[in-house]
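Residues per chain are reported as follows:
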Amino acid sequence: MTKINTNLSSSRRKSRKAHFQAPSSVRRVIMSAPLSKELREKHNVRTPLLTQSTSTPKLTQPQVRSIPLRKDDEVIIKRGSNKGREGKIVACYRLKYVIHIERVTREKSNGQSVPIGIAPSKVEVTKLKIDKDRESILERIAKGREATKKKSEASKKA
């Protein structure tokens, strides 16, 4: 069996190299975090689907599950020693693949306060900073999901 996508490698060495040498635009997408249940409900158009086997409506796949993080988004930490703490993102440090959250700091031995780097996958977005670019991203994600859903329905009928 041949590879479907020849541009992707399954080699550990090449995958790690691609990850750590990724440009900032790719790192932005890697530094995505899941949305909270409230935000998922707000930004989704969930339509009921009736199946032949059951008469109860079954909800379709949610449209937007995660989004790239940016400064001024509000997040809650879901893993680690800071679990449960929430705050606004102060900085997205793409070079280190971490985010800095306000009031999540530690004291150095000289008394100086430094922010703790948190992995973006370990947080959940509770409030988005919405501007026209962010709005268009949410719409684009929803449109893409709708298109793939229509394609899969068409292929099932054929």
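Here, the structure is the one placed above.
This structure is a prediction, so every number in the text was calculated from the model and none was measured. (Residues numbered from 1 in each chain as written. Predicted model: local features only at pLDDT ≥ 70, side-chain atom pairs only at ≥ 80, totals over all residues. Heavy atoms only, no water.)

### Quick notes on the pattern of salt bridges
Throughout the structure, instances matching the rule amount to six salt bridges. Across the salt bridge formed by Lys-129 and Asp-72, the nearest N and O atoms sit 3.7 Å from each other. You can see Lys-129 sitting in the loop between β9 (123-127) and α4 (132-157) and its partner Asp-72 sitting in the loop between β4 (66-68) and β5 (74-77), a full 57 residues away along the chain. For Lys-129, a relative accessible area of 33% puts it in the partly exposed group. The shortest N-O distance in the salt bridge between Arg-134 and Asp-73 comes to 2.8 Å. Note that Arg-134 is positioned in helix α4 and Asp-73 in the loop between β4 and β5, a separation of 61 residues in sequence. Summarising the burial analysis for this pair, Arg-134 and Asp-73 share the class buried. (Salt bridge = Lys/Arg side-chain N within 4 Å of Asp/Glu carboxyl O. Helix = DSSP H or I, 4+ residues; strand = E, 2+ residues; numbered from the N terminus. Buried < 20%, exposed > 50% of the residue type's maximum accessible area, 1.4 Å probe, protein only.)

### Points about the nonpolar core
By size, the foremost hydrophobic cluster in this structure holds 21 residues, and its most contacted members are Leu-69, Ile-99, Ile-101, Val-123 and Val-125. Every element with two or more residues in this core is listed here: β5, β7 (98-107), β9 and α4. The leading source of residues in this core is β7, at three residues. Among residues more than four places away in sequence, those in contact with Val-125 are Ala-33, Pro-34, Leu-35, Ser-36, Leu-39, Leu-69, Glu-74 and Val-75. (Core = buried A, V, L, I, M, F, W, Y, C linked by side-chain atoms within 4.5 Å. Contact = heavy atoms within 4.5 Å.)

### Some thoughts on the pairing of β5
Bridge analysis of β5 against strand β6 (residues 86-93) gives three bridges, and the strand direction is antiparallel. The residue bridging Glu-74 from the neighbouring strand is Lys-88, located in β6. Alignment of β5 against β9, held across four bridges, turns out to be antiparallel. Bridge assignment links Glu-74 to a residue of β9, and that residue is Lys-127. (Pairing = 2+ DSSP bridges.)

### So, the sheet that holds β9
Spatially, five strands are ordered β8-β7-β6-β5-β9 in an open sheet, and the strand pairing comes out antiparallel. Both outer strands of the open sheet, β8 (113-118) and β9, are each paired with one neighbouring strand and no more. The average angle at which neighbouring strand axes cross in this sheet is 55°, direction not considered. In this structure, β7 lies alongside β8, joined through five bridges in antiparallel fashion. What sits directly across from His-100, in β8, is Gly-117. (Axes fitted to C-alpha atoms, helices over the stretch in contact; angles between N-to-C directions.)

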